[in-house]
Amino acid sequence: MQDSGLWQAVLGEIELSISRGNFVTWFKNTQLVRQNDDVVTVGVPNIFVKNQLEKKFNDLVLEVLAKNGLKPGRVEYKIHTGMASSRKSDSEDAGPTSTIELVKTTARTQATIANITHSYRQGLNDRYNFENFVVGAGNELAYAACQAIATNPGTKYNPLFLYGGVGIGKTHLIQAVGNEILAKKPDARIIYASTEQFVQEFVDALRFKKNTSSFAGFYRGADVLIVDDVQFLAGKERVQEEFFHTFNALYQANHQIIMSSDKPPKDIPTLEERLRSRFAWGMTIDMQTPDFETRCAILHTKASDQNFALPQDVVEFLATRVQNNIRELEGALTQLIAFCEMRSVEPDIRIATTMFEGVKGRPKHVTARSIIERTAKHFHVSIDDILGPKRDKDIVVPRQIAMYMLRSELHLSFPKIAHELGRKDHTTAIHSIEKIQRELSYESSIRQSINELKEKLYA
């Protein structure tokens, strides 16, 4: 079968398996460019079609190719220069020749844009909603702000900037906003994208289209723009420039902007000052590690979602052992459920203890020495300085944080902590730990440093 015939057969089968709108938007203007045993190259008209075929339809394409006798190792999608023009009729090459034809062309363009916008709404995961988000002391302000935005996007808390450590629910919450808005207004143009996706699409637009007008128009046409992990804008000057103009266009139009990061705007390195200030225009909220009660509630909720009865002592056992990351907490629960279901046994504390003995959120490699070494490295000071007599502020603060970590993570006694830090008087340890505990309630940089230290220790 010739290339063109093969691809037409593939398209015919795909058309029967997806909606008409999806087929017209993503497949109609594609063609088979080349093929060999390893790779099939499909030509596509623009970056949006390329991204969608890669992310959503690649498995379907491979499956249909196999049915038609072709089993490549992979399919690659490339923007094929001149492809659109090669499919036009002679009259179309001359451009619209009447007002009616111009209106038809504009309508087709608008329909394509509408379909693209609809597809990007699917970037939202419908599992993330307000109903299954567990609210606790560390996230209740963020939860309330997100609910307010979902009710009246663009009028309150714009932009919203959520920050905090890995695996504490930021992505769940910001996607819940998008899903709630769509539930109330299905035609809303919601764009959810990771910063990595935004960067890659911008680079592809530069590489293949020589300009960024289509890319810019797409993102600036959003009613709500949700961007995850904006800390990855750091160091990317051209992308920051584009994001700056996108931000301004949306903000001036009173369209909602929601962002998440692992650190507050002021702590994102090499971020342009004009972006840093704009990120703080609306509301900036620190989402903190869930406390013990919240972790227990999360476990009960997740277990209930899977119709799995979890005894209270097992819940408390898991909540004690996994303290810093909701994803790890859910992962531990998943392991326990799988173990019990495969063996047809009921979960109990004996099984949980056997499976997770020694975890305690503190792996065996976390020792007093490793905490001191990691703290020194984090603050770019030497271990000798932390253990020595110097009283410079840039050494005293890391020393105090190291003492706090020895107490909170290893539960060492005050005399033992003083000994590990080379101090004779344990009252120094008491004073230092109490100081850090006070500052945790109002100093975000201290919280950020401790969260980062914990993540690195337990990685």
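Our subject is the structure that appears above.
What comes next is a walk through the structure. Here the structure is a predicted model, which means the values were calculated and not measured.

With that settled, the discussion passes to the nonpolar core. In terms of nonpolar packing, the biggest core is built from 54 residues, with I14, F27, F243, M259 and F279 touching the most fellow members. Counting residues per element, this core draws most heavily on helix 3 (residues 47-67), which supplies nine residues. In contact with M259, other than residues within four places in its own chain, are P159, L160, F161, L162, V227, V230, F243, F247 and F279.

Counted by the stated rule, this structure contains 15 aromatic pairs. Consider the rings of F133 and Y143, whose centres lie 5.9 Å apart with planes at 10°: the pair is stacked. A residue pair is termed long-range when its members are at least 10 positions apart, and F133 in the loop between helix 6 (99-121) and helix 7 (140-151) and Y143 in helix 7 qualify at 10 residues. Of the residues examined, F133 reaches a relative accessible area of 9% and is grouped as buried. On the basis of an interplanar angle of 50° and a centroid distance of 4.9 Å, the ring pair of Y251 and W281 is categorised as tilted. Taken as a pair, Y251 in helix 11 (residues 237-252) and W281 in the loop between helix 12 (273-279) and strand 8 (283-286) lie far apart in primary sequence, 30 residues in all. Judged by relative accessible area, which is 29%, Y251 ranks as partly exposed. A connected cluster of aromatic rings, assembled from ring pairs, spans F161, F198, F202, F215, F218, Y219, F243, F247, Y251, F279 and W281. Above the plane of the ring of Y128 lies R127, whose end atom (NZ or CZ) is 5.3 Å from the centre.

Our next topic: the pairing of strand 7 (residues 256-261). The buried fraction of strand 7 is high, at six of six residues. Burial of the side chains of strand 7 extends over both faces: Q256, I258 and S260 are buried on one face and I257, M259 and S261 on the other. Of the strand pairs in this sheet, strand 4 (residues 160-163) and strand 7 are connected by four bridges, and their pairing is parallel. What sits directly across from F161, in strand 7, is M259. As judged from the four bridges shared by strand 6 (residues 224-228) and strand 7, these two strands associate in the parallel manner. By the bridge assignment for strand 7, L225 is matched with I257. Crossover handedness for the path strand 6 to helix 11 to strand 7: right-handed.

Between N158 and the following residue, P159, the backbone shows a cis peptide bond with an omega angle of 0°. Tracing the chain through its elements places P159 in the loop between helix 7 and strand 4. The backbone of Y157 sits at a positive phi, close to 55°, despite the residue not being glycine. Relative to the elements of secondary structure, Y157 occurs in the loop between helix 7 and strand 4. Positive phi is not limited to glycine here, since N307 has a value of about 55°. Position of N307 relative to the elements: it lies in the loop between helix 13 (292-305) and helix 14 (312-321).

With that settled, consider the pairing of strand 3 (residues 74-79). Alignment of strand 2 (residues 39-44) against strand 3, held across six bridges, turns out to be parallel. By the bridge assignment for strand 3, V40 is matched with V75. In the classification by handedness, the crossover that spans strand 2, the intervening helix 3 and the parallel strand 3 is right-handed.

Attention shifts here to the sheet that holds strand 7. In spatial order, the strands read 5-6-7-4-8; together these five strands make up an open sheet with parallel pairing. Only two strands of the sheet have a single partner each, and these edge strands are strand 5 (190-194) and strand 8. Here the average twist between neighbouring strands, direction ignored, is 10°.

Within a sheet, neighbouring strands are paired by backbone hydrogen bonds and run either parallel or antiparallel to one another. The three strands lie next to each other as 1-2-3, forming an open sheet whose pairing is mixed. What marks the edges here is a single partner per strand, and that holds for strand 1 (31-35) and strand 3. On average, adjacent strands in this sheet sit at an angle of 30° to one another, irrespective of strand direction. Note that strand 1 and strand 2 share four bridges and pair antiparallel. From the neighbouring strand, L32 faces strand 2, where its bridge partner is V42.

With that settled, consider helix 16 (residues 349-356). Inspection of helix 16 places I351, A352 and F356 among the buried residues, and these make up the whole buried set. When helix 16 is viewed along its axis, its buried side chains cluster within an angular range of 105° and face the same direction. Counted as exposed and oriented over 90 degrees from the buried face of helix 16: R350 and T354. The secondary structure elements touched by the buried residues of helix 16 are helix 14 and helix 15 (326-343). You can read the cap of helix 16 off the contacts: a side-chain oxygen lies 3.1 Å from the backbone nitrogen of R350, and it is on D348.

Before going further, it helps to spend a moment on the pattern of salt bridges. Opposite charge on two side chains makes pairing possible when the charged atoms of those side chains draw close. Within this structure, the stated rule accounts for 19 salt bridges. For K416, the salt bridge identified is with E420, shortest N-O distance 3.1 Å. With K416 and E420 both in helix 20 (residues 414-420) and four residues apart, the pair spans about one turn of that helix. Residues joined in a network through salt bridges with shared partners are E13, E63 and K67.

About the criteria used
Residues numbered from 1 in each chain as written. Predicted model: local features only at pLDDT ≥ 70, side-chain atom pairs only at ≥ 80, totals over all residues. Heavy atoms only, no water. Core = buried A, V, L, I, M, F, W, Y, C linked by side-chain atoms within 4.5 Å. Buried < 20%, exposed > 50% of the residue type's maximum accessible area, 1.4 Å probe, protein only. Helix = DSSP H or I, 4+ residues; strand = E, 2+ residues; numbered from the N terminus. Contact = heavy atoms within 4.5 Å. Phe/Tyr/Trp six-rings, centres within 6.5 Å; stacked < 30°, edge-to-face > 60°. Lys NZ or Arg CZ within 6 Å of the ring centre and 35° of its normal. Pairing = 2+ DSSP bridges. Right-handed = clockwise from strand over helix to strand, strands pointing away. Axes fitted to C-alpha atoms, helices over the stretch in contact; angles between N-to-C directions. Arc of directions from axis to C-beta. Polar contact = N/O pair within 3.5 Å; in protein donor to acceptor, adjacent residues only side chain to side chain. Salt bridge = Lys/Arg side-chain N within 4 Å of Asp/Glu carboxyl O.

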